[in-house]
Number of protein chains: 2
Amino acid sequence: MPVSLDSVRERDRQDPLADFKSHFALPEGVLYLDGNSLGAQPKAAKQAVDETLDQWRDQLIKGWNQGWFDAPERLGNLLAPVIGAQRGEVSVTDNITLNIFKLLGYILGQGKEGRQAVLSEGGNFPTDGYIAQGYCRVSGAEHRFLPEGGNLAEHLDGVAVVVLSQVNYRTGKLRDIATTTKLVHDHGAEVIWDLAHSAGALPIDLNGCGARYAVGCTYKYLNGGPGAPAFLYVHSDHQDKGWQPLSGWHGHASPFAFEADYTPAGDISRFRTGTHSALAYAALEASLALWSEVDMQALREKSLAMSDLFRECLSDIFTTHNIDDITPSASERGSQVSLMDSQNGYAIVQALIARGVIGDYREPGLMRFGFTPLYLSFKDVWQAAQHFREVMESGEYQDPQFHVRGAVT
Amino acid sequence: MPVSLDSVRERDRQDPLADFKSHFALPEGVLYLDGNSLGAQPKAAKQAVDETLDQWRDQLIKGWNQGWFDAPERLGNLLAPVIGAQRGEVSVTDNITLNIFKLLGYILGQGKEGRQAVLSEGGNFPTDGYIAQGYCRVSGAEHRFLPEGGNLAEHLDGVAVVVLSQVNYRTGKLRDIATTTKLVHDHGAEVIWDLAHSAGALPIDLNGCGARYAVGCTYKYLNGGPGAPAFLYVHSDHQDKGWQPLSGWHGHASPFAFEADYTPAGDISRFRTGTHSALAYAALEASLALWSEVDMQALREKSLAMSDLFRECLSDIFTTHNIDDITPSASERGSQVSLMDSQNGYAIVQALIARGVIGDYREPGLMRFGFTPLYLSFKDVWQAAQHFREVMESGEYQDPQFHVRGAVT
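Treat the numbers as computed from the prediction; the structure is a model and nothing was measured.

(A) Molecular detail of the sheet that holds strand β15 (residues 366–370) of chain B. Residue and element names in this part refer to chain B. The four strands lie next to each other as β11-β12-β15-β14, forming an open sheet whose pairing is antiparallel. Edge positions in the sheet fall to β11 (324–325) and β14 (360–362), since each of these pairs with one other strand and no more. Relative to β15, strand β12 (residues 336–340) runs antiparallel, the two sharing five bridges. Considered in β15, the bridge of Ser 338 is made with Arg 368. Its contacts with the sheet place helix α8 (residues 296–320) against β11, β12 and β15, and it is angled at close to 20° to β12.

See the structure below:
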């Protein structure tokens, strides 16, 4: 290996985030580079869920007055500092797909001076486009795709809203929120930021960047558990501009008055819909509690250092085996390494999984490895790279068992 | 008391459902008559959630291939017999509010020959109307209310879809699905049934009644846990009629192909949106597993017998204290007793809660007591009535502490 084990041990000794690993319940024998799909389990999650089960058993309906009902806003306030938002600007609710629909309706319902088009990114995570298409079918607005790699400024004529991901789920490429938001606003449009692959992966300053609307998920870098509820951000200056279309009783100004007509709540809670799972929020709250201690600049430095270490350990292997390292440069990178091998990518990922090194594979040919600074050490990264090297040098990936396509998530 | 304790003990001995109580974790000292708001905890729920926590910890992303991903359809199939549906006709997903929106868009998207109005019930649970209003704001359809007690047939002109609850959440009054569905279809409209207060409370035969569309919740009589996911039913003949508007990646025909354009799945899974909480589904699945053993006719008989017992025990009290028993007759009753006392209703419910008898109160003046045949005995009902009697005869409800309005759910 081009990098010595001793040197990475020294980096672990100097890592200001090293102690966070002790807060996670990690399985033996696994090197987990898929926290960009599903984060690992904080140890506190189990106790929090157990307590909520006990609360359901013992308090029954009274549990709703003992923390369950207010969870969307309370968790939103825990999350706000992680994405550069203020108290009262974030709701933890529903999923990303639904939250994008709410914001599309909320923004287009304000009347955008004849603009009727919704622009979503081609080549990025497709649910953002699917729900934009769904919204447009109901509302009569026009849906357009921004071609992958296209110049955004050239595609904003007649556009009311654009949905953009801060980090591309395939390449890991990072967009600059500040300059892009200004560009979109200068063209008279609004932008909904999708932070699925960036929240908890790098510092985000939504307020400082002038961002008005964002959504994101909490089960990737935020470690909230499988299918944990998503979040929605609306800048405090833009929270009183009408209805969001998924108007349910939890978003009503007086949910327990049971009035016949809908009146949206005066604050971020208008973006709620109906009743939410207390168990799902319990696990997430335990995870979010960790983030108040995290130095986000240190997180960013470690993220970049880990992804660079992995690539440095393997650069000769990439060359020898014609693996294309498409990972963006540090300033344009999320927190993942992206490698292309259309012939053997799938099999390499399967061979690594068989060794306990968990990455994931996306057609065509893309191997993704996520780097989560809270529970990965530099030694973990080095060992994962060593396994990758051995899989390639031994030809292990050529074993036919690793070429059988199964259900892939 | 007009009914002896010995006689109710004999009824418990003869109760064919008596053994189900042993499957629930019930707190000591509580007589729980609020299962129409939040069902009690099945003992199996804790183990199921613990196993899912372990699966998250140990299997990490692989959990999605080990039961999590298929949960909406698998749980739908567990639930189907309880509501008279076939395999493949029920999805457990999102919440009622969102599921109504999906069905409104799905039905109106089919083109209803110039019909543009959505009718929802005044005086019933308001989220059904709120989301109908939200849908209409986006789509341009017209929203109308069916006045409480109004004749449905007189309000169907120009109506494309009507949203009706099988059981009214306030009065407990039951609608006949078969005759009402036929009436609506004969007028050229569709009906979405809301089964929130009936699923798990009484036998339902959606297929036999000609029902095409329904939604419902699982945290009341189905005991799925606080905020457990809702369900959506679409008859097998009507599952391939276009998009539902909340089109997310989990409802795509090929969710893991990550195609740019949305294509709805060919089956009930098209009504999914995005990623769901594995923890929430685990608790619900443990609860639904119990229902395969339940004789729904026996459940109905016990439900009516319990609500009648409660009223029989208290009929003299109601007269003496001017409490209006608005509970419908047996053939028109859900599984609750509804009592009106606009002066003291709130305080009576609070005094009962202080004694461990949990019912709930809804403005103005409504006391609701839900009867859940799986975990209540006739003795429980008798004891709850005895407490009610003592609260009234002693004047305990007049204590000022019980008149202070707090947060009510």
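(B) Expanded view of the pairing of strand β10 (residues 231–234) of chain B. Residue and element names in this part refer to chain B. Residues Phe 231 and Tyr 233 of β10 are buried on one face, and the alternating residues Leu 232 and Val 234, pointing to the opposite face, are buried as well. Here four bridges tie strand β9 (residues 213–216) to β10, and the two strands are oriented antiparallel to one another. The partner of Ala 214 across the bridge, within β10, is Tyr 233.

(C) Structural view of the state of the cysteines. Within the structure shown, the criterion is met by zero disulfides over all chains. In this structure Cys 217 of chain A is a free cysteine whose sulfur lies 20 Å from that of Cys 209 of chain A, the closest cysteine sulfur available.

(D) Looking closely at the relation of the copies chain A and chain B. Under the fitted operation, chain A is carried onto chain B by 0.0 Å of movement along the axis and a turn of 180°, and the coordinates agree to an RMSD of 0.0 Å. Such a turn and shift between the copies fits a two-fold axis. Within chain A, Ser 139 of chain A has its C-alpha nearest the rotation axis, a separation of 2.4 Å.

(E) Broad picture of the packing of aromatic side chains. What the rule picks out here adds up to 43 aromatic pairs over all chains. Relative to Phe 256 of chain A, the ring of Phe 69 of chain A has its centre 5.2 Å away and its plane inclined at 55°; by these criteria the two rings are tilted. Residue Phe 69 of chain A is found in the loop between α2 (43–59) and α3 (71–79), and its partner Phe 256 of chain A is found in the loop between β10 (231–234) and α7 (278–290); the two are separated by 187 residues along the sequence. A relative accessible area of 13% places Phe 69 of chain A in the buried class. The class of Phe 256 of chain A is partly exposed, set by a relative accessible area of 26%. Here the aromatic rings of Phe 125 of chain A and Tyr 169 of chain A are separated by 5.1 Å at their centres, their planes lie at 90°, and the arrangement is edge-to-face. With Phe 125 of chain A in the loop between β5 (117–121) and α5 (127–139) and Tyr 169 of chain A in the loop between β7 (159–165) and α6 (177–186), the pair connects residues that are 44 residues apart, well separated along the chain. Every member of this aromatic cluster is reached through a ring pair, and the members are Phe 69, Trp 249, Phe 256 and Phe 258 of chain A together with Phe 125 and Tyr 169 of chain B.

(F) Examining the UniProt feature "modified residue: N6-(pyridoxal phosphate)lysine" (unreviewed entry) in chain A more closely. As annotated by UniProt and renumbered to match this structure, "modified residue: N6-(pyridoxal phosphate)lysine" (unreviewed entry) occupies Lys 220 of chain A. Position of Lys 220 of chain A among the secondary structure elements: in the loop between β9 (213–216) and β10.

(G) Quick peek at the domain arrangement of chain A. All names here are of chain A. Along its sequence, chain A is carved into domain 1 (5–17 + 295–403) and domain 2 (46–293). Averaged C-alpha coordinates put domain 1 and domain 2 at centres separated by 31 Å. Taken residue by residue, the interface counts 25 residues in domain 1 and 18 residues in domain 2. Of the roughly 1,700 Å² buried between domain 1 and domain 2, counting both surfaces, carbon and sulfur atoms make up 58%. Three residues stand out in domain 1 for area buried against domain 2, namely Met 296, Glu 332 and Gln 336, and they jointly supply 27% of the buried area on that side.

(H) Representation of the layout of surface pockets. Residues and elements named next belong to chain B. Volume-wise, the largest pocket comes out at about 390 Å³. Forming the walls of the largest pocket are 20 residues, and the residues nearest its centre are Glu 121, Gly 149, Asn 168, Lys 173 and Arg 175. A breakdown of the residues in the lining of the largest pocket according to their chemical character gives four nonpolar, ten polar and six charged.

(I) Helix α4 (residues 96–108) of chain A, seen in detail. Residue and element names in this part refer to chain A. Here α4 spans 18 Å end to end across 13 residues, near enough to the 18 Å set by a 1.5 Å rise per residue. Extensive coverage of α4 is indicated by the burial of 13 of its 13 residues. One side-chain oxygen at the N-terminal end of α4 lies 3.2 Å from the backbone nitrogen of Thr 97; it belongs to Asn 95.

(J) Region of interest: the interface of chain A and chain B. Across the boundary between the two partners, chain A contributes 75 residues, which contact 76 residues of chain B. Carbon and sulfur atoms make up 68% of the area that chain A and chain B hide from each other, which totals about 6,900 Å². At the junction of chain A with chain B, the criterion picks out two salt bridges. Close ionic contact of Lys 46 of chain B with Asp 50 of chain A constitutes a salt bridge, the shortest N to O distance being 3.3 Å. On the surface where chain A and chain B come into contact, there are 32 residue pairs in polar contact (both at pLDDT 80 or more). Those elements that place two or more of their residues in the side of chain A that touches chain B are β3 (41–42), α2, α4, α5 and α7 of chain A. In terms of residue count, the dominant contributor to the side of chain A that touches chain B is α5 of chain A (nine residues). For the side of chain A that touches chain B, the per-class residue count stands at 42 nonpolar, 23 polar and ten charged.

What counts and how
- Residues numbered from 1 in each chain as written.
- Chains lettered and ligands numbered in written order.
- Predicted model: local features only at pLDDT ≥ 70, side-chain atom pairs only at ≥ 80, totals over all residues.
- Heavy atoms only, no water.
- Pairing = 2+ DSSP bridges.
- Helix = DSSP H or I, 4+ residues; strand = E, 2+ residues; numbered from the N terminus.
- Contact = heavy atoms within 4.5 Å.
- Axes fitted to C-alpha atoms, helices over the stretch in contact; angles between N-to-C directions.
- Buried < 20%, exposed > 50% of the residue type's maximum accessible area, 1.4 Å probe, protein only.
- Disulfide = S-S within 2.5 Å.
- Least-squares fit on C-alpha atoms with pLDDT ≥ 70 in both.
- Phe/Tyr/Trp six-rings, centres within 6.5 Å; stacked < 30°, edge-to-face > 60°.
- UniProt positions renumbered as here; feature names shortened; annotations may be inferred.
- Domains from an automatic or database assignment.
- Buried area = accessible area lost by both parts, 1.4 Å probe.
- 1 Å grid on protein atoms, 1.4 Å probe; cavity = no way out; pocket = protein on both sides within 12 Å on 5 of 7 lines; lining within 4 Å.
- Points joined across faces, edges and corners; volume = space filled by probe spheres on them.
- Nonpolar A, V, L, I, M, F, W, Y, C, P; charged D, E, K, R; others polar.
- Expected span 1.5 Å × (residues − 1).
- Polar contact = N/O pair within 3.5 Å; in protein donor to acceptor, adjacent residues only side chain to side chain.
- Salt bridge = Lys/Arg side-chain N within 4 Å of Asp/Glu carboxyl O.

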